[in-house]
Amino acid sequence: MADRILIIDFGSQVTQLIARRVRESGVYSEIHPFNSITEESIRAFDPKAIILSGGPSSATEEDAPMAPMAVYEMGLPVLGICYGQQIIVEQLGGKVHPSDHKEFGRAMVDVTEDCALFHGCWDVGDREQVWMSHGDRAESLPDGFRVVGVSENAPFAAIANDDKKFYGVQFHPEVVHTPHGAKLLENFTHGVAGCSGDWTMAAFKDQEIAKIRAQVGDGKVICGLSGGVDSSVVAVLLHEAIGDQLLCVFVDTGMMRKDEPEEVVGLFRDHYNIPLIHRDAADLFIDKLEDVSDPEQKRKIIGATFIDVFEEEASKAGGADFLAQGTLYPDVIESVSFLGGPSVTIKSHHNVGGLPERMNMDLIEPLRELFKDEVRDLGRELGLPNRFVGRQPFPGPGLAIRLPGGITREKIDILQKADAIYLEEIRTAGHYDAIWQAFALLLPVQTVGVMGDARTYDFVCALRAVTSTDGMTADFFHFDMEFLGRVTNRIINEVRGINRVVYDTTSKPPGTIEWE
């Protein structure tokens, strides 16, 4: 089994980034909430080292969350980040106090002594940029610790106990605003903890195929194929593991991108020879959505109808023993949040939410340990074409939420054509991979125009493109005006029903990426 790092979560908004950085260095890691951790669970996980995350609590409070003392007694290397550093100090005999001068955002750390965390990136005497976010700070250190870095408002910005291999940093190495943060974490996992860095997607694929075969045996598996990256990777992985014991059901809602149903069917039925039921249910969905303008009502109608159609097709096929879903690791993390966060809300269009209980099937979730970028890597490892694996996110309800107001077949057709032109121009210009998400919308607004000396009264098309790292925040993509002019000209000239095009320059926040 590959080396493993246990990350104990105390509620930081960026804990997921710790796991991502560790995995990027070739070491498998998992996040577990602090209140589920015991000595027994640590031993069962068998980590090479433990990382304590940041969090919103104050280590000076009477009921502040703490790590089990076993964390410090098992002979494992420990790294505390922000709040994680503060509880190391408190639990091992030092003192933490509220700071008169809080630090939020970029700060500079002076490297005062050499340390195993710094090898190859920070030298004594350097002044290095980091990202701080704290109101408390350590005031005195436990026995055996020394100061190796200071900042203006954190006299113990980095501390080390070399004998026990305990380290603490008041800043956040996991965020991009700490330029050498990934190297600091790698020094801990590889240099201090001795991890080999041999966790690869090829190894994960082989391991997961073996697990699927053991779980399924000679049973049958059904997979709801939406055409998105997650369900597509699940389908190909399952087919490699169990072959014709897998049946995929692709429900075409009529609200996908232009030519997408043909592309999905061609890839899975013809190229991979995966057993596939293609149910064209466009008329059913569009009839139910006619004159529905409320976006939440649209989502509910689409979700419920999808479940009904999927269940009907599964029944026709004779049922199955297992249901495959594309649940990802961020969903799992959210569902076990130490704050008791909401259980994951599965998008019906992708993960067929609600079906397991109704259809009396066991779940298979082979992606539940992966982040989105890792799913893309797995897809490439499985041989899925990069044009397919590298697709930008597409909402479960499809074009229904890119058509504010009522939905008609005519509007869907207009939007599909405009969106296809927009994405084609983005690819031609070489922008596609630099954009998190780009799409066209058809607004419920008509404006006066002049085309060929004749008056027109047609729809407005809005274009949206954003950059982001995780979809939580986003900025609009800065196209040059020549590009926007070219796209506008093509849409107006080639798509009957549109006579005006606008570009959305709203960031998130205050806006959202999708309009509905």
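Residues numbered from 1 in each chain as written. Predicted model: local features only at pLDDT ≥ 70, side-chain atom pairs only at ≥ 80, totals over all residues. Heavy atoms only, no water.

(A) Inspection of the overall build of the protein chain at higher detail. Check the secondary structure of the protein chain and you find 17 helices and 18 strands. Taken over the C-alpha trace, the protein chain has a radius of gyration of 26 Å; the compact-globule value for 516 residues is 24 Å, and the two agree within 12%. The burial tally for the protein chain puts 56% of its 516 residues in the buried class. Within the protein chain, counting contacts between residues at least 6 apart in sequence, those at least 24 apart form 75% of the total. (Helix = DSSP H or I, 4+ residues; strand = E, 2+ residues; numbered from the N terminus. Rg over C-alpha atoms; globule rule 2.2 N^0.38 Å. Buried < 20%, exposed > 50% of the residue type's maximum accessible area, 1.4 Å probe, protein only. Contact = heavy atoms within 4.5 Å.)

(B) Region of the structure containing the side chain of Ser12. With respect to the secondary-structure elements, Ser12 resides in the loop between β1 (4–9) and α1 (15–24). Take Ser12: its relative accessible area is 15%, and that puts it in the buried class. Looking at Ser12, its side chain comes within polar contact range of the main-chain nitrogen of Val14, at 3.0 Å. With near-sequence residues (within four places) excluded, Ser12 lies in contact with Ser53, Gly54, Gly55, Pro56 and His172. (Polar contact = N/O pair within 3.5 Å; in protein donor to acceptor, adjacent residues only side chain to side chain.)

(C) Looking closely at the sheet that holds strand β14 (residues 362–364). Strand order in this open sheet of five strands is β12-β11-β10-β13-β14, and the pairing throughout is parallel. Among the strands making up the open sheet, the edge pair consists of β12 (276–280) and β14. Averaged over all pairs of adjacent strands, the angle between their axes in this sheet comes to 25 degrees, without regard to strand direction. Across five bridges, strand β10 (residues 221–225) lies against strand β11 (residues 246–252) in parallel orientation. By the bridge assignment, Ile222 is partnered in β11 with Leu247. Where helix α7 (residues 229–242) meets the sheet, its contacts fall on β10, β11, β13 (322–324) and β14, and the angle it forms with β10 comes to roughly 155 degrees. In this fold helix α8 (residues 260–271) packs onto β10, β11 and β12, with an angle of close to 165 degrees to the strand it touches most, β12. (Pairing = 2+ DSSP bridges. Axes fitted to C-alpha atoms, helices over the stretch in contact; angles between N-to-C directions.)

(D) Helix α9 (residues 282–289), seen in detail. Listed in full, the buried residues belonging to α9 are Ala282, Phe285, Ile286 and Leu289. Along the axis of α9, the buried positions cluster into a sector of 90 degrees, meaning they face one direction only. Those residues of α9 hidden inside the fold are in contact with β11, β12, α10 (295–316) and α16 (409–428). Asp291, located one to two residues past α9, shows a positive phi value of around 70 degrees. (Arc of directions from axis to C-beta.)

(E) Expanded view of the layout of surface pockets. Its boundaries defined by the atoms lining it, the second largest pocket holds a volume of some 420 Å³. Around the second largest pocket sit 17 residues that line it, and Arg257, Lys258, Arg387, Ala420 and Leu423 are the ones nearest its centre. Secondary-structure elements contributing two or more residues to the lining of the second largest pocket are α8 and α16. Considering every element that reaches the lining of the second largest pocket, the biggest residue donor is α16, with nine residues. Taken together, the residues of the lining of the second largest pocket break down into four nonpolar, two polar and 11 charged. (1 Å grid on protein atoms, 1.4 Å probe; cavity = no way out; pocket = protein on both sides within 12 Å on 5 of 7 lines; lining within 4 Å. Points joined across faces, edges and corners; volume = space filled by probe spheres on them. Nonpolar A, V, L, I, M, F, W, Y, C, P; charged D, E, K, R; others polar.)

(F) Representation of the packing of α9 against α10 in the model. It is the contact of α9 with α10, at a shortest axis distance of 10 Å, that shows an interaxial angle of 150 degrees. Between α9 and α10, the angle falls in the class roughly antiparallel. Viewed along their axes, α9 and α10 form a crossing whose handedness is right-handed. The residues of α10 that touch α9, namely those facing Leu284, Phe285, Lys288 and Leu289, are Lys298, Ile301, Ile302, Thr305, Phe306 and Val309. (Parallel < 35°, antiparallel > 145°, perpendicular 65-115°, else oblique. Left-handed = near helix turned anticlockwise from the far one by under 90°.)

(G) Seen up close, the environment of Phe166. In this fold, Phe166 is placed in strand β9 (residues 166–169). Of the residues examined, Phe166 reaches a relative accessible area of 3% and is grouped as buried. As for Phe166 and Leu79, which are separated by 87 residues in sequence, their C-alpha atoms are 6.0 Å apart.

(H) Seen up close, the packing of aromatic side chains. Scanning all chains against the criterion turns up 15 aromatic pairs. Members of the aromatic cluster, each reached through a chain of ring pairs, are Tyr422, Phe476, Phe477, Phe479, Phe483 and Tyr503. Above the face of the Phe394 ring, Arg257 is positioned so that its terminal group lies 4.1 Å from the ring centre. Seen from the ring of Phe388, Arg391 lies directly overhead, with NZ or CZ sitting 4.2 Å from the centre. (Phe/Tyr/Trp six-rings, centres within 6.5 Å; stacked < 30°, edge-to-face > 60°. Lys NZ or Arg CZ within 6 Å of the ring centre and 35° of its normal.)

(I) Looking closely at the nonpolar core. Ranked by size, the top nonpolar core spans 51 residues in total, and within it Tyr422, Ile426, Leu463, Phe479, Ile491, Ile498 and Tyr503 carry the most contacts. With eight residues, α16 is the single largest residue contributor to this core. The contact partners of Tyr422, leaving out residues within four places of it in the chain, are Ala438, Phe439, Ala440, Leu463, Arg464, Ala465, Phe479, Phe483, Val487 and Tyr503. With 42 residues, the next largest nonpolar core counts Met201, Val233, Ile274 and Val375 among its residues. (Core = buried A, V, L, I, M, F, W, Y, C linked by side-chain atoms within 4.5 Å.)

(J) Looking closely at the state of the cysteines. Tallied over the entire structure, the rule returns zero disulfides. Unpaired in terms of disulfides, Cys82 finds its nearest cysteine sulfur in Cys115, a separation of 17 Å. With a relative accessible area of 4%, Cys82 lands in the buried category. Free of any disulfide, Cys115 has its nearest neighbouring cysteine sulfur in Cys121, separated by 9.5 Å. Given a relative accessible area of 2%, Cys115 falls into the buried group. (Disulfide = S-S within 2.5 Å.)

(K) Up close: the environment of Glu424. Positionally, Glu424 belongs in helix α16. Look at Glu424 and you get partly exposed, because its relative accessible area is 41%. Spatially, the C-alpha atoms of Glu424 and Arg137 are 52 Å apart, while their sequence positions differ by 287 residues.

(L) Up close: helix α17 (residues 481–494). For α17, spanning 14 residues, the distance from its first C-alpha to its last is 20 Å, which sits close to the expected 20 Å at 1.5 Å a residue. Looking at α17, one finds that the buried residues are Phe483, Leu484, Val487, Arg490 and Ile491. Buried residues of α17, viewed axially, fall in a sector of 130 degrees; they line one side. More than 90 degrees from the buried face of α17, the exposed residues found are Met481, Glu482 and Asn493. Against α16, β16 (454–467) and β18 (498–503) lie the buried residues of α17. Where α17 begins, one side-chain oxygen reaches toward the backbone nitrogen of Glu482, 3.1 Å away; that side chain belongs to Asp480. (Expected span 1.5 Å × (residues − 1).)

(M) Spatial organisation of the pattern of salt bridges. Per the counting criterion, the structure on display carries 32 salt bridges. In this structure, Lys316 engages Glu313 in a salt bridge whose closest nitrogen and oxygen atoms are separated by 3.4 Å. Linking Lys316 with Glu313, this pair stays in helix α10, spanning three residues, or about one helical turn. On the accessibility criterion, Lys316 (60% relative accessible area) is exposed. On the basis of relative accessible area, Glu313 is assigned to the buried category, the value being 7%. Here Glu425 ties to Arg486 by a salt bridge, and the two come within 3.1 Å at their closest N and O atoms. Highlighted residues: Glu425 in helix α16 and Arg486 in helix α17, separated in sequence by 61 residues. A residue is classified by how much of its surface remains accessible, and Arg486, at 34% relative accessible area, is partly exposed. Among the ionic contacts, a cluster of salt bridges with common partners joins Glu424, Glu425, Arg486, Arg490 and Glu494. (Salt bridge = Lys/Arg side-chain N within 4 Å of Asp/Glu carboxyl O.)

Everything listed here is a matter of geometry and, on its own, says nothing about what the molecule does.
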